[in-house]
Every structure is written in structure tokens, then in C-alpha cells.
Amino acid sequence: MQISLAGQVALVTGASSGIGHACAKALAAAGAAVVINYNSNAEPAEELARQIIADGGHALAIGADVSKEDEVERLFSETLDTFGTLDILLANSGLQKDAPAVDMTLDDWNKVIGVNLTGQFLCARAALRIFNRQGIRQGVSRAAGKIIHMSSVHQRIPWAGHVNYAASKGGVDQLMQTLAQEVSHQRIRINGIAPGAIRTAINAKATADDAAEKLLELIPYGRIGDVEDVANAVVFLASDASDYIVGTTLFIDGGMSLYPEFRGNG
Ligand code: BGC
């Protein structure tokens, strides 16, 4: 199966590090022009844009806080000003602010819901408005636009000490499915990805040394994931190779969501 995203424009939010960074890189390697969104960490995003351009691709880094409506609007209008179109949105920005529920501040609740859930809504809405105006670009893709929502195994698995994060990802699941139900007839394809433990800065503590041993008890496949495990799936879901996949979440978790504690128990 040969996948090419040549002639398509992809916008990746939260792409200055971790999964978003790897996905932006992979989408560019598949031939897409890529908008690399970051919030506060400009340098790695600018550096990735420089690398992509040096390799003969097209890229632009744009700073914007996805939880703010005016910044999202600017992000999408700058994308159109530069590349003239949008074909793929990877709504990826996400963060954790962990605490037991009894100690969690309203600020930390709001911050996580604001970026992880409201941010994905604002970006999806902006993308849908563009896809609606644009329709199917003949010869470019069979769909009038593709949205991939970055979720987590915690859209399904409750996570003590992370109630803001788990609630945001449960919300992302319904956001994704409801939008897919609402717009699929317009040939807009919306899907989700639910990564498990992928080694990035967000879980640096949980994936280091002794903690990693303990974490592996939750992963039947026996390894912690790499960002490329997710990036490969994003390229597939963004391409026509997945043209009949609509409203689905792909779990990329080495089996974490299989409740491995039940093996030989229960
Ligand atoms: C979280 C990580 C965690 C993983 C598995 C992800 O959504 O961001 O911190 O390691 O889920 O629990």
C-alpha cells in the first residue's frame, strides 16, 4: 500500500513536542504541506518547519493557544493565507494537570478541559467551515476533509488522580462521534486515535526506570509505545487508504485497553 498526501495541507495542533511533533513530521514525509502549531514553545516548531523545507517540503510554524477562540480563528486564517486550503486537521494539543480530585483546583480542571476538549471543538469547527466551503478537491482526496481527534485510552479507562484528563478524553470520544454523525454525509471523515503509554514528556516519570517496569504490567504487548507508532496511524487515517473508516477510534496501546489485570483473574 502506497500512501501519498501530496497536494494536501495538514494542520497539527500541539506539534512542538511529543506525539504532535512526530505526526507533523510523518505527514510531511508523506507529502503534505504542514502547519505546525505550538502554544508557548516556538523553537522546536520553527526548527521542524526548517527541516521539512530543507528536505524539499512545505511547512509553517504558527503559535496559537487552541483554548482561545480568537487565536484558533487566526491559526486557521493564517493557514489559508499561506497554503490556500486545508485538507487534514489533527486536533492533538493536550496536557495533564494531575491531582487527587479533593485537591484539584478549578483552574487545573478548566485548563485541561479548555485545551483538551474545548480546543478540539474550536479547531474542528474551524476546519469544518473550511471543508464545507471547499467540498471535494477532485484528484486530491476522495473526502472533502479529514479530522483526526487525538484521544487516549483514558476515554475508556477511568484514571484515579487524573479526573480532569479522563473527563476531557471521554468528552473527545463523544465530540468525535457526534461530529462524525453530523457531517459524514458531506464526505467529511472524522476519526479518533486513542494512544496508550507512548514515551513522551507528558509521562516521562511513568516511563523511566523502575516506574517503567510497573507500567509494563499494564501493557500485554510488553513494550512502551513510540511516537512513530501513533504517527504511522495518523498518516493512514489522513489518507484515502482509510476512506471507508468513519467515526471510529483506533486504539494504539499495546493492548492496554484489554484490562490485562483480568488475565488469570476474575
Ligand atoms: C497519558 C499518559 C499515560 C497514558 C497511559 C495517556 O493518555 O497522557 O500520561 O501514560 O495515557 O496511561
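Just so you know, these numbers come straight off a predicted model, no measurement behind them. Residue positions within a chain follow its written sequence, with the count starting from 1. It should be noted that, the model being predicted, local features are given only for residues of pLDDT at least 70 and side-chain atom pairs only at 80 or more, the latter also being counted only at that level, while totals for whole chains, interfaces and linings use all residues. Think of the side-chain values as coming from all heavy atoms in the structure, minus any hydrogens and water.

Thoughts on the layout of surface pockets
With a 1 Å grid laid over protein atoms only, a set of points is called a cavity when a 1.4 Å probe fits there but cannot get out and a pocket when it is open yet has protein on both sides within 12 Å along at least five of seven lines; lining residues have an atom within 4 Å of a point. Grid points are joined across faces, edges and corners, and a volume is the space filled by probe spheres set on the points. Of the pockets and cavities examined, the second largest pocket occupies roughly 160 Å³. Lining the second largest pocket are R142, A143, S184, R187, I188, R189, D243, Y244 and V246. We call Asp, Glu, Lys and Arg charged. Ala, Val, Leu, Ile, Met, Phe, Trp, Tyr, Cys and Pro are nonpolar, and the rest, Gly among them, are polar. Here the residues of the lining of the second largest pocket are counted per class, giving four nonpolar, one polar and four charged.

Concerning a negative patch on the surface
On the surface, D209, D210, E213 and E217 cluster together to form a negatively charged patch. Tracing the backbone through its elements, the reader meets D210 in helix α6 (residues 209–216). Every patch collects residues that have over 30% relative accessible area and no salt bridge, joining them within 9 Å if they carry like charges and within 5 Å if they are nonpolar side chains (Val, Leu, Ile, Met, Phe, Trp, Tyr). Note on areas: Shrake-Rupley, 1.4 Å probe, and residue coverage restricted to the protein chains presented here. By definition, a salt bridge exists where a carboxyl oxygen of Asp or Glu is found within 4 Å of a side-chain nitrogen of Lys or Arg. Charge assignment in this entry is limited to Lys and Arg as positive and Asp and Glu as negative, and neither His nor the chain termini are counted. The atoms used to mark charge sites are NZ of Lys, CZ of Arg, CG of Asp and CD of Glu. Only DSSP runs of H or I with at least four residues qualify as helices, and only runs of E with at least two residues qualify as strands; both kinds are numbered from the N terminus onward.

Here we look at the nonpolar core
Soluble globular proteins: nonpolar side chains tend toward being buried together. As used in this record, nonpolar core signifies buried Ala, Val, Leu, Ile, Met, Phe, Trp, Tyr and Cys residues forming a set joined through side-chain atoms within 4.5 Å. The cut-offs for exposure are 20% and 50% of the maximum accessible area for each residue type, with area from a 1.4 Å probe on protein chains only; residues under the lower value are buried, those over the upper are exposed, and the others partly exposed. Counting residues in each nonpolar core, the largest one holds 37 residues, and the members touching the most others are L5, L27, V34, I36, I193, V230 and V234. With eight residues, the top contributor of residues to this core is helix α7 (residues 227–238). Those residues in contact with V230 that lie beyond four places of it in its chain are I19, C23, M150, I193, P195, I198 and I252. Contacts are assigned to residue pairs with any non-hydrogen atoms lying within 4.5 Å of each other.

Observations concerning a nonpolar patch on the surface
Among the surface-exposed residues, L106, W109 and V163 lie close enough to one another that they form a single nonpolar patch of about 270 Å² accessible area. By secondary structure assignment, the location of V163 is in helix α5 (residues 163–183). A relative accessible area of 38% means that V163 is categorised as partly exposed.

Focus on helix α1 (residues 18–29)
Every helix has an expected span of 1.5 Å times one less than the residues it contains. Taking 1.5 Å per residue as the helical rise, α1 with its twelve residues ought to reach 16 Å, and the 17 Å between its terminal C-alpha atoms agrees with that figure. Residue G31 follows α1 closely and has a positive phi angle near 110°.

Structural notes on the side chain of Q96
Tracing the backbone shows Q96 in the loop between β4 (88–91) and α4 (106–134). One polar contact links Q96 to D98, side chain to side chain, over a distance of 3.0 Å. For Q96, the contacting residues outside a window of four places in its chain are V112, W159, H162, Y165 and I202. Here a polar contact is recorded for every N or O atom pair within 3.5 Å, except that within protein the pair must consist of a potential hydrogen donor and a potential acceptor, and residues adjacent in sequence are included only if both atoms are side-chain atoms.

Let's talk about the site of the ligand
Neighbouring the ligand are the residues Q96, S152, H154, W159, Y165, G196, A197, I202, N203 and M256. Measuring from an oxygen atom of the ligand, one finds a side-chain N or O atom of Q96 at 2.6 Å. H154 is positioned with one of its side-chain polar atoms (N or O) 2.7 Å from an oxygen atom of the ligand. Against a free-state accessible area of 310 Å², the protein chains account for coverage of 91% of the ligand. Considering only residue class, the shell around the ligand consists of five nonpolar, five polar and no charged. Near, as used in this document, describes a residue that has one of its heavy atoms within 4 Å of the molecule or strand being considered.

Some remarks on the pairing of strand β5 (residues 145–150)
One face of the sheet, then the other: side chains in a regular strand alternate in exactly this way. Within β5, six of the six residues are buried, which leaves the element mostly enclosed by the surrounding structure. Of the two faces of β5, both are covered, the one formed by G145, I147 and H149 as well as the one formed by K146, I148 and M150. Two strands pair under a simple rule: DSSP has to find at least two bridges between them. Across four bridges, the pairing between β4 and β5 is parallel. When the bridges of β5 are listed, I88 appears paired with K146. Clockwise travel from the first strand over the helix to the second, with the strands pointing away from the viewer, marks a crossover as right-handed. Once the chain exits β4 it traverses α4 before rejoining the sheet at β5, and the crossover so formed is right-handed. Both β5 and strand β6 (residues 188–195) contribute to a ladder of six bridges, which runs parallel. Bridge pairing in β6 places H149 opposite G192. Tracing the backbone out of β5, into α5 and back to the parallel element β6 gives a crossover that is right-handed.

Here we look at α4
With 29 residues, α4 should cover 42 Å at 1.5 Å per step; its first-to-last C-alpha distance of 40 Å lies within 8% of that length. At G114, α4 shows its maximal bend, which comes to roughly 40°. Of the residues flanking the end of α4, it is G135, one or two places downstream, whose phi is positive at about 70°. For a residue, the bend is simply the angle between two axes, fitted respectively to the seven-residue segment ending there and the seven-residue segment starting there.

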